[in-house]
Amino acid sequence: MSVVAVFNRKGGVGKTTTAVSVASALALAGQRTLLVDLDPQGSAGRSLAIDVEDGRGTSALFAAKGKPAVTYPAHPALFRLGVVAADLALADVEAELLADGRRRARLATGLERLREREHWGVTVIDLPPALGGLSDAALRAAEGVLVPVAADFLALDALRSTLAAVRAVEKSRGGSYVPLAVLPTFVDRRRATADAVALLQDQFGDLVLARGIPRSARFDAAALSGVPVALGAPRSAPAIAYAEAATALAAALDRAPKKAKATRRPAVKKFVRADMRDSLREIRLSTAEGGAS
Ligand code: ADP
Ligand code: MG
């Protein structure tokens, strides 16, 4: 199973939107995808209109005999998207993980148990905006890391500390992240945005996913309605942008060697450049059925 953590130490940069949109896009493209909400605020589950009984949400992934409930969104097109929503007890888990770092390894075991039970292809984990016990546990369990970054200068500034944190976990656990990708979000036509994206590419080069995600009011509306943008408006620019990011991510995960140490940089480079053609073709096919733009 490939596990991707969606992480940034800053809040409001589009982590939850990215986790929900990428997971939905992967599921719509045919992958059995598990979305795991590790933010005690529970926004990922809520934006898909999913609730969970206390003790049966993501807190159960950390319990030796925990039985996390996997819930499917109401929309029938999302039959390949399983969701483990955040429950109230997750906030207590964060406190426990801070007190006892060894418990963080339980997440990988909990996810593995779920995979054996239900054969998930890709797992996408939404994280809170801090490097606490939950984020650390997720980074330890993950093969790949996706870092959404709002295209403004304050967010760019915070990106350094996020990447430093990611690299620190990478070093302490051994084995490189494939892919480690930076996804510009809130991209609009303002000059300052273009400058910020250019700066991102200049500073982080191959790590940056080429096109980024446009700023769009559709994301708020989607979270309110419980239907992801990929279904509500499949041909809209934001839906296509996330489908493209998801396809590139899946391709990179496929190509990731199991022990990926020496090959991270070339793998990321290829995934950004060469795969765009394939992903664009697939997006054209997958969005051909209609929707508003
Ligand atoms: P985080 O999880 O990093 O705190 P969210 O994904 O919750 O960020 O996004 C914060 C707010 O911004 C939400 O109201 C969300 O709907 C909105 N949002 C996210 N991405 C975009 C975007 N590309 N354009 C416009 N609004 C967005
Ligand atoms: Mg969030």
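The rules behind these values
Residues numbered from 1 in each chain as written. Chains lettered and ligands numbered in written order. Predicted model: local features only at pLDDT ≥ 70, side-chain atom pairs only at ≥ 80, totals over all residues. Heavy atoms only, no water. Helix = DSSP H or I, 4+ residues; strand = E, 2+ residues; numbered from the N terminus. Buried < 20%, exposed > 50% of the residue type's maximum accessible area, 1.4 Å probe, protein only. Contact = heavy atoms within 4.5 Å. Areas by Shrake-Rupley, 256 points an atom, 1.4 Å probe, with all protein chains shown as cover. Near = heavy atom within 4 Å. Polar contact = N/O pair within 3.5 Å; in protein donor to acceptor, adjacent residues only side chain to side chain. Salt bridge = Lys/Arg side-chain N within 4 Å of Asp/Glu carboxyl O. pLDDT = per-residue confidence, 0-100. Pairing = 2+ DSSP bridges. Axes fitted to C-alpha atoms, helices over the stretch in contact; angles between N-to-C directions. Core = buried A, V, L, I, M, F, W, Y, C linked by side-chain atoms within 4.5 Å.

Novice: Summarise the overall build of the protein; cite the residues concerned and give the values.
Specialist: Per the secondary structure count, the protein includes 12 helices and 6 strands. A buried classification covers 53% of the 293 residues belonging to the protein. Look at the contacts in the protein between residues 6 or more apart in sequence, and 79% of them connect residues 24 or more apart. A total accessible area of about 13100 Å² is found for the protein, and carbon and sulfur atoms account for 53% of it.

Novice: Can you tell me about the side chain of serine 2, naming the residues and giving the values?
Specialist: Within the secondary structure, serine 2 is located in strand 1 (residues 2–6). For serine 2, a relative accessible area of 13% gives the class buried. Discounting residues that sit within four places of it in the chain, serine 2 has contacts with Gly121, Val122, Thr123, Glu143 and Leu253.

Novice: For unusual backbone geometry, give the residues involved together with the corresponding values.
Specialist: The residue after valine 178, namely proline 179, is reached through a cis peptide bond having omega -5°. With respect to the element layout, proline 179 can be found in the loop between helix 6 (153–173) and strand 6 (180–185). If you check the backbone angles, alanine 49 has positive phi at about 60° while not being a glycine. Along the chain, alanine 49 turns up in the loop between helix 2 (43–47) and strand 3 (81–84). Look at histidine 119: it is not a glycine, yet its phi comes out positive at around 55°.

Novice: Could you give an account of the site of ligand 1, with specific residues and numbers?
Specialist: Not every one of the 14 residues close to ligand 1 is listed here, only the nearest: Gly12, Lys15, Thr17, Ser216 and Asp220. Contacts to ligand 1 include threonine 17, whose side-chain N or O atom sits 2.6 Å from an oxygen atom. Within the backbone of serine 216, one N or O atom sits 2.8 Å away from a nitrogen atom of ligand 1. Within the complex, 78% of the 560 Å² of free accessible area of ligand 1 lies under protein.

Novice: Describe the pattern of salt bridges, with residues and values.
Specialist: Summed over the entire model, instances satisfying the criterion amount to 12 salt bridges. The partner of arginine 103 in a salt bridge is aspartate 100, with the nearest N and O atoms 3.5 Å apart. What makes aspartate 100 buried here is its relative accessible area of 19%. The salt bridge involving aspartate 136 is made with arginine 140; its shortest N-O contact spans 2.8 Å. Here aspartate 136 pairs with arginine 140, and both are found in helix 5 (residues 133–141), just 4 residues apart, close to one helical turn. For aspartate 136, a relative accessible area of 7% corresponds to the buried category. A single salt-bridge network, built from bridges that share partners, covers Glu96, Asp100, Arg102 and Arg103.

Novice: For the confidence of the model for the protein, give the residues involved together with the corresponding values.
Specialist: A low pLDDT score tells you not to read the predicted coordinates there in detail. Model confidence for the protein is summarised by a mean pLDDT of 87, while 87% of its residues fall at 70 or above. Segment residues 259–293: pLDDT under 50, and 58 contacts once partners within four positions in sequence are set aside and those in other chains are kept.

Novice: Describe the sheet that holds strand 2 (residues 33–37), naming the residues involved and giving the relevant values.
Specialist: One open sheet holds the 6 strands; their spatial order is 3-2-4-1-5-6, and the pairing between them is parallel. Each of the sheet's edge strands pairs with one partner strand only, and the pair in question is strand 3 and strand 6. Averaged over all neighbouring strand pairs, the angle between strand axes comes to 20°, with direction disregarded. Here helix 6 sits on the sheet and contacts strand 5 (144–150) and strand 6; the angle it forms with strand 5, its principal contact strand, is near 165°.

Novice: Give a description of the nonpolar core that names residues and reports values.
Specialist: Counting residues in each nonpolar core, the largest one holds 47 residues, and the members touching the most others are Leu38, Phe62, Leu107 and Ile125. At 6 residues, the largest contribution of residues to this core is made by helix 6. Residue contacts for phenylalanine 62: discarding those within four places in its chain leaves Leu38, Val93, Leu97, Arg103, Arg106, Leu107, Leu134 and Ala137. Val22, Ala27, Ala85 and Leu146 belong to the second largest nonpolar core, which has 35 residues in total.

Novice: So, the environment of alanine 142: which residues are in play, and what are the values?
Specialist: Within the secondary structure layout, alanine 142 lies in the loop between helix 5 and strand 5. Contacts of alanine 142, omitting those with residues within four sequence positions, involve Val3, Ala5, Arg173 and Tyr177.

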